[in-house]
Amino acid sequence: MKHKTCFHCGLDCESYPISFDSKSFCCNGCKTVYEIFSINDLTSYYDLQNAPGATPKEIEGKYDFLNNEKIVEKLLEFNNENTQIVTLFIPHIHCSSCIWILENLNKLLPAVITSQVNFGEKTVRITYKSETLSLKKIAEFLSRIGYEPYISLEDFKTGKNKINRSIIYKLGVAGFAFGNVMFLSFPEYFQVDGFWLEKYKPIFRWLMFAFSLPVVFYASQDYFTSAYKGLRSKILNIDVPLALGIAVLFIRSTVEIIFDLGTGFFDSLTGLVFFLLLGKFFQQKTYSFLSFERDYKSYFPIGITKISSEGKEESIQVYDIKKGDRLLIRNEELIPVDCILINGNARIDYSFVTGESETVSKQSGDKLFAGGKQLDGIIEVDVLKSVEQSYLTQLWSNDVFEANKDDSFTSLTNSISKHFTIAILLIALVATTFWLLTDSSKAINVFTAVLIIACPCAIALSAPFTFGNLLRIFGKKKFYLKNARVIEQLAKINTVIFDKTGTITANKETKINYEGLELSTCEESLLKSTLRGSNHPLSRALYTLLDKHNIVTLDTFQEHTGKGIEARYKSDHLKVGSAPFVGLTTNVATLNTTVHISKNNTYKGKFTFYNAYRKGLSKLFNALKKDYDIAILSGDNEGEKDNLTKLLPTKTKLLFNQKPEDKLEYIKYHQNEGANILMVGDGLNDAGALAQSNVGIALSENVNVFSPACDAILDASKFNQLYHYIKASKSAIKIVKWSFMLSFLYNIIGLYFAVTGQLEPVIAAILMPLSSISIVIFTTIASNILGKRLK
């Protein structure tokens, strides 16, 4: 079959030759997009009888094994009543059209809720309603539209990890051709006279032409493909000048040997492609060597409570969880691993996983999935498998929970790349015109050298490598950021707001006194059982303080954010929290944080907390005060105002009796006034304020603070280093700007030598990738030096 060009995207159609309406398409994605736009209705396309891809006969019975529930259970990553999630490996994901089709499956299959493509791994993650759509039907439908899934019970590793060796093959072809063309060009180089050489000179030239054909039409096809797709989309990408340079050299050289005008530039042409591919190959190796170890986020500090075989509770990190462990999940905590419910009333919110905020009730023996949030007191679960940290990281980085925060350097990079190509083409045309009038022998070399030497790749790499390396460094220092965008936002902040309890106070060092009616053993047992279900810092501190008692299973448990908690056990009704919440109407003056208790509407007494502040607090606030506005928002009373005033810098704003909604409104107000706010607080109790702020940091101290609301998690032991982390983010921005300047300097110097005719195209091809590699090395070394200054 002859090669055809895809009508939609311009790619070569050798691999996926598909015809429709007298037009040729490279893949079913392009064909489907064309069909859809032809009928102007995506939903109508679903009703077409002649669906593309495999025919029903070809797929009949092929996926019958998906009727086996045990097999389906192994393939699903989430399965809850009528919602299931599966990730499928699709080898035929080919281009942007494929992505468009697969991410719009919900319009073709109404039961699909969302579908998200990972183009690099050629996978699609599909969330669907299992009551109306089965995994088998999805697989059959994907096969019908030309995207047959590769299904394996071993996490699809066979399909995903295939090494793409195409660049090695192309490099081999270009190198072989370049070497032979150089040998055939030697007589021309040294102008050797001789009957034999003169007689066979045309043969040598046509041999050079033959060697250049696979170089142009195979080894360099990626440059032409990318350039053509860019032009079809009205985008001038960096491959446009490269493809133009290769095309000009080939056409000019071919014309010269056809009309016997000279030997052409086949040596420069084959050398150019060889060194471009060699540079690309070494770039990939360099980037792989300087990998950012992004899996650092797998080990962010999520504390979870493990129950030993003796019934003892201990706090461990999620990555220490093993199959068969018994875990305690408190109210509002996220379930970190797939497990079986053993005890307690489970009411689970899976919006973190599915994006839909519907709660489901579960009974003892039911399976619970990682990422669900418990909303009804405490539960005990048995672990089915060890934690998949990458899965938790994926949930944390889910776009559903991303705020619309600017990514300025990405926008700047895209803007530079867009106008860069236009400027280079203009410079090349002007320089070539000048040399045609001055010395035509240099014109072709000048034109090609200008197109090759100038490259915005180094500019495009500056921000990703700097921020990526700093993410890794921060992770080693126990400061865990959601993504690189957080570094940019952190560098812009001008206001820092802290929560008080559990943030600037150290729970482990807090002293607690009780005043009131003596509690009976049964009352203390009920109190401890009630506190056991809460993750609030005061509840955790009080729970740790109380003596060991028999834990009872509560009939009901309810937590009122900013007020307190209440529970029922048989005929007893216990309330723990603020004075108004427990029904205490008289004004009780106190200088410290208090937690009041009532049983069956009878006031019992109060626990008074004598807070100990974190080490280095005063030093941290004094450092922050130099550059930022500081405020403390606390839900407690003003009892500790005098202590804080003495400890903190003057003019630090102290606001007390702040409910969660008050904190949220305070942040909104100051953002409207132009403030860029960093909020440091409790990942669960301050979720609204953390989500509203420009950067939200949850402080971790053996507590499950894992929440989509926060942008970063800071280990409590590194609290006093917060100022240095912020300054490091600002320094990272300076590194990016310096690398931008170095990139521009390189391009200016390179263009000078190219425009003046002092640079051969082959040398330009060698220097171009070196510029990108040098920028990567510069940003990596600079950010590593920056990291060494951090404690």
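In this text, all values refer to a predicted model and were calculated from it rather than measured experimentally.

### A word on the environment of I335
- Inspection of the secondary structure puts I335 in the loop between strand 9 (326–329) and strand 10 (339–343).
- In this structure the C-alpha to C-alpha distance between I335 and G371, which are 36 residues apart in sequence, comes to 5.4 Å.
- Each residue touching I335, except ones within four places of it in the same chain, is listed here: I329, I348, L368, F369, A370, G371 and G372.

### A few points about the side chain of H573
- Its location among the elements puts H573 in strand 21 (residues 572–577).
- With a relative accessible area of 10%, H573 lands in the buried category.
- Looking at H573, its side chain comes within polar contact range of the side chain of E566, at 2.7 Å.
- Those residues within four positions of H573 in sequence are excluded, and the remaining contacts are E566, A567, R568, S598, K599 and N600.

### As for the nonpolar core
- F498 and L678 are the most contacted members of the largest nonpolar core, which has 51 residues in total.
- For this core, the leading source of residues is helix 28 (residues 722–755), giving ten residues.
- In this structure, F498 is in contact with T503, I504, F621, L624, I630, A631, I632, L633, V680, F719 and L722, ignoring residues within four places of it in sequence.
- The next biggest cluster of nonpolar side chains, apart from the first, holds 50 residues, and it includes V215, I452, A454 and L759.

### Some words on the packing of aromatic side chains
- A full pass over the atoms with the stated rule returns 19 aromatic pairs.
- Judged by centre distance (5.9 Å) and plane angle (20°), the ring pair of F209 and F250 falls under stacked. With F209 in helix 11 (residues 201–219) and F250 in helix 13 (residues 239–258), this pair connects stretches of sequence that are 41 residues apart. Residue F209 shares its accessibility class with F250, and that shared class is buried.
- Directly above the ring of Y218 sits K170, whose terminal nitrogen or CZ lies 5.9 Å from the centroid.
- Over the ring of Y543 we find K528, and its NZ or CZ is 4.7 Å from the ring centre.

### Structural notes on the pairing of strand 17 (residues 495–499)
- Counting buried positions over the five residues of strand 17 gives five, a clear majority of the element.
- Neither face of strand 17 is open: one carries T495, I497 and D499, the other V496 and F498, and all of them are buried.
- Sheet topology note: the strand 17/strand 24 (residues 629–633) ladder contains five bridges and is parallel. By the bridge assignment for strand 24, T495 is matched with D629.

### Things to note about the sheet that holds strand 14 (residues 373–374)
- Taken in spatial order, the three strands of this open sheet run 12-11-14, and their pairing is antiparallel. The outermost strands of the open sheet, each flanked by one partner alone, are strand 12 (359–362) and strand 14.
- In the sheet, strand 11 (residues 346–349) pairs with strand 14 via two bridges, with the strands oriented antiparallel. By the bridge assignment for strand 14, D349 is matched with K373.

### Quick notes on the confidence of the model for the chain
- Scored by pLDDT, the chain comes out at a mean of 77, with 75% of its residues at no less than 70.
- Here residues 155–163 scores under 50 on pLDDT; set against residues more than four positions off or in separate chains, the count is twelve contacts.
- Ignoring residues within four places in sequence, the model shows residues 290–301, a span with pLDDT below 50, making 44 contacts including any to other chains.

### What to know about a nonpolar patch on the surface
- Taken together, the side chains of W206, I251, V255, I258, F259 and L261 present a nonpolar region at the surface, about 630 Å² in accessible area.
- Residue contributions to the nonpolar patch peak at three residues, all from helix 13.
- One can find F259 in the loop between helix 13 and helix 14 (266–289).

### Topic: the pattern of salt bridges
- Counted under the stated rule, the structure contains 16 salt bridges.
- Among the salt bridges present, the one from E380 reaches R326, with a minimum N-O distance of 3.3 Å. With E380 in strand 15 (residues 379–383) and R326 in strand 9, this residue pair connects regions lying 54 residues apart in the sequence.
- One salt-bridge network, held together by shared partners, links E313, R326, E380, D382 and R532.

### Observations regarding unusual backbone geometry
- Of note, the phi angle at K478 is positive, near 70°, even though the residue is not glycine.
- Within the secondary structure layout, K478 lies in the loop between helix 19 (457–476) and strand 16 (479–481).
- The class for K478 is partly exposed, based on a relative accessible area of 36%.
- For K570, which is not glycine, the phi torsion reads 55° and is therefore positive.
- Assignment of secondary structure puts K570 in the loop between strand 20 (564–569) and strand 21.

Cut-offs applied
- Residues numbered from 1 in each chain as written.
- Predicted model: local features only at pLDDT ≥ 70, side-chain atom pairs only at ≥ 80, totals over all residues.
- Heavy atoms only, no water.
- Helix = DSSP H or I, 4+ residues; strand = E, 2+ residues; numbered from the N terminus.
- Contact = heavy atoms within 4.5 Å.
- Buried < 20%, exposed > 50% of the residue type's maximum accessible area, 1.4 Å probe, protein only.
- Polar contact = N/O pair within 3.5 Å; in protein donor to acceptor, adjacent residues only side chain to side chain.
- Core = buried A, V, L, I, M, F, W, Y, C linked by side-chain atoms within 4.5 Å.
- Phe/Tyr/Trp six-rings, centres within 6.5 Å; stacked < 30°, edge-to-face > 60°.
- Lys NZ or Arg CZ within 6 Å of the ring centre and 35° of its normal.
- Pairing = 2+ DSSP bridges.
- pLDDT = per-residue confidence, 0-100.
- Patch = residues over 30% accessible without salt bridge, like charges linked within 9 Å, V, L, I, M, F, W, Y side chains within 5 Å.
- Areas by Shrake-Rupley, 256 points an atom, 1.4 Å probe, with all protein chains shown as cover.
- Salt bridge = Lys/Arg side-chain N within 4 Å of Asp/Glu carboxyl O.

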